[in-house]
Amino acid sequence: MNTSKITVFSRIILVLISGLFIFSLSFPMWQIELEAPQYPEGLILKLHADKIGGDVEIINGLNHYIGMKTLHTEDFIEFKILPYIMLFFGFMSLLMVFVAKRKGVLLLFVTFILFGILAGVDFYRWNYEYGHNLDPSAAIIVPGMAYQPPLIGYKQLLNFGAYSIPDIGGWMLITAGLLLGIILVKEFNLLKRFKKNKIALVLLSMGFMSSCGSTEPESIKLNVDQCSFCKMSISDGRFGAEIITKKGRVYKFDDVACLSNYVHENTIDAEKFYVHDYATENTLIPAETAYYINGTQISSPMRGNTAAFASEKIATDYMNKLDSKSITWNDVLNP
């Protein structure tokens, strides 16, 4: 038996991988979503392997005001060569079905990973140049402000929220890479090797857990960040609040009253709520476990008249000092 040959199962998977590479050309690879109050339905930039699609004209019009270069497919050499790269990986995957060598699949996987790294670096460079090389004579100039979209994930750009994620074609490529990895794990018996080293397996599990999506709060920059509801500058570090969505987008508020109003007026998929600790300047604490008091002597920016505390004892002390009453987090959300 030739141990360097891959199994029939792996060959079938390679046919599927080949199809994923080739048919990914029929779908957008990446998308950048832009959300703002004046565009409630959002704007979307679709990046195909061979062109830029989506709301390009509207986005170009907005870019003109802030001095960014307009986006045109013909300005990017990547759109000329990417289709050939995808076809290359598709046909190479199909070739491996007939070559059927483990080392050949390994070489294909490594080549694809290197391509992914180079593509990420190029995409970052592209975003950086467009976000930083601004026209000094633009109609809107904010000193020190750059408009570089995130490589992946969410980023606030003035009053726009930018969310960068793979599109259908991109997910097809990611799936192809994962399937190549599965073939290698199976053909090289990597699971058995990991099981022999329990310490390495534990460390790998810890690394995976630590890499999961973070819901840690993002510090509110006083007198810089703007309330997502009332659009006022957040200036008091005792009353601010924050929402982190399941997509990782962050909404900041100058008062829990604004947070409550925003939740009731918008459809929002919240993952985590945070509030400022009244007793500690500009310190965010989990909203669900905080202790709250409410009273007219608590003068918050938008008349929420509510203060939050990390400690029940401190909350009780302030409640007596400020002639207020204890309330729950549910009372805060539904006043």
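Quick caveat: nothing in here was measured; it's all calculated off a predicted structure.

### Some remarks on the pairing of strand β11 (residues 306-309)
Here is the key point about a regular strand: its side chains alternate between the two faces of the sheet. What you see with β11 is no split at all: Thr306 and Ala308 on one side and Ala307 and Phe309 on the other are buried throughout. In this sheet, β11 lies alongside strand β10 (residues 291-294) in antiparallel orientation, the contact comprising four bridges. Within the sheet, the bridge partner assigned to Asn294 lies in β11 and is Thr306.

### Let's talk about the sheet that holds β11
Sheet strands pair by backbone hydrogen bonding; their relative direction is either parallel or antiparallel. An order of β11-β10-β12 is seen for the three strands of this open sheet, with the pairing classed as antiparallel. Two strands in the sheet have a free side with no partner beyond their single neighbour: β11 and β12 (325-327). Mean inter-strand twist for the sheet, computed between neighbouring axes without regard to direction, equals 35°. Against the sheet, helix α9 (residues 312-321) contacts β10, β11 and β12, and its axis sits at roughly 10° relative to β10.

### A look at unusual backbone geometry
Residue Ala100 is not a glycine yet carries a positive backbone phi of 60°. Tracing the sequence through the fold places Ala100 in the loop between α3 (78-99) and α4 (102-132). Here Ala100 falls in the buried class, since its relative accessible area comes to 0%. Positive phi is not limited to glycine here, since Asn305 has a value of about 55°. Within the secondary structure, Asn305 sits in the loop between β10 and β11. In this structure Asn305 comes out as buried when scored by relative accessible area, which is 18%.

### Focus on the pairing of strand β1 (residues 30-36)
When you tally the buried positions in β1, you get five out of seven residues, the bulk of the element. Inspection of the sheet shows β1 paired to strand β2 (residues 39-47) by six bridges, in the antiparallel sense. Residue Glu33 lies in a different strand from β2, and its bridge partner there is Ile44. With six bridges connecting them, β1 and strand β5 (residues 160-166) associate as antiparallel partners. Across the sheet, Glu35 pairs through a bridge with Gly161, a residue of β5.

### What about the packing of helix α1 (residues 8-23) against helix α5 (residues 168-187)?
Between α1 and α5, whose axes approach to 9 Å, the crossing angle comes to 160°. Classified by the interaxial angle, the pair formed by α1 and α5 is roughly antiparallel. Crossing geometry of α1 relative to α5 is assigned as left-handed. Residues Phe9, Ser10, Ile13, Leu14, Leu16, Ile17, Leu20, Phe21 and Phe23 of α1 form the contact with α5, whose participating residues are Met172, Leu173, Thr175, Ala176, Leu179, Leu180, Ile183, Lys186 and Glu187. The class makeup of the residues in the contact of α1 with α5 is 14 nonpolar, two polar and two charged.

### Considering the packing of α4 against α5
Where α4 meets α5, the closest approach of the two axes is 10 Å, and the angle between their N-to-C directions is 145°. Every pair of crossing elements has a handedness; the one defined by α4 and α5 is left-handed. On α5, the residues touching Arg102, Val105, Leu106, Leu108, Phe109 and Phe112 of α4 are Leu173, Gly177, Leu180, Gly181, Ile183, Leu184 and Glu187. Residues belonging to the contact of α4 with α5 are distributed by class as follows: nine nonpolar, two polar and two charged.

### Some remarks on the side chain of His48
For His48, the location among the structural elements is in the loop between β2 and β3 (52-54). You can call His48 buried: its relative accessible area is 16%. In this structure, His48 is in contact with Phe27, Pro28, Met29, Gly53 and Phe79, ignoring residues within four places of it in sequence.

### As for the environment of Val275
You can see Val275 is positioned in strand β8 (residues 270-276). Counting along the chain gives 21 residues from Val275 to Asp254, while the straight-line C-alpha distance between them is 9.8 Å. Every residue in contact with Val275, bar those within four places of it in the chain, is listed here: Gly240, Ala241, Val256, Thr283, Leu284, Ile285, Ala287, Ala290, Tyr292, Ala308 and Trp329.

### Considering the sheet that holds strand β6 (residues 241-245)
In space, the four strands of this open sheet follow the order β7-β6-β8-β9, with antiparallel pairing throughout. The open sheet has two edge strands with one neighbour each: β7 (250-253) and β9 (284-286). Adjacent strand axes in the sheet meet at a mean angle of 25° when their direction is disregarded. Pairing of β6 with β8 involves five bridges; the strand directions are antiparallel. Paired with Thr245 across the bridge in β8 is Ala270. Packed on one face of the sheet, helix α8 (residues 256-265) meets β6, β7 and β8 and runs near 35° to β6.

Reading guide: rules and limits
Residues numbered from 1 in each chain as written. Predicted model: local features only at pLDDT ≥ 70, side-chain atom pairs only at ≥ 80, totals over all residues. Heavy atoms only, no water. Buried < 20%, exposed > 50% of the residue type's maximum accessible area, 1.4 Å probe, protein only. Helix = DSSP H or I, 4+ residues; strand = E, 2+ residues; numbered from the N terminus. Pairing = 2+ DSSP bridges. Axes fitted to C-alpha atoms, helices over the stretch in contact; angles between N-to-C directions. Contact = heavy atoms within 4.5 Å. Parallel < 35°, antiparallel > 145°, perpendicular 65-115°, else oblique. Left-handed = near helix turned anticlockwise from the far one by under 90°. Nonpolar A, V, L, I, M, F, W, Y, C, P; charged D, E, K, R; others polar.

From the geometry alone we can't say anything about function, so treat these as descriptive.
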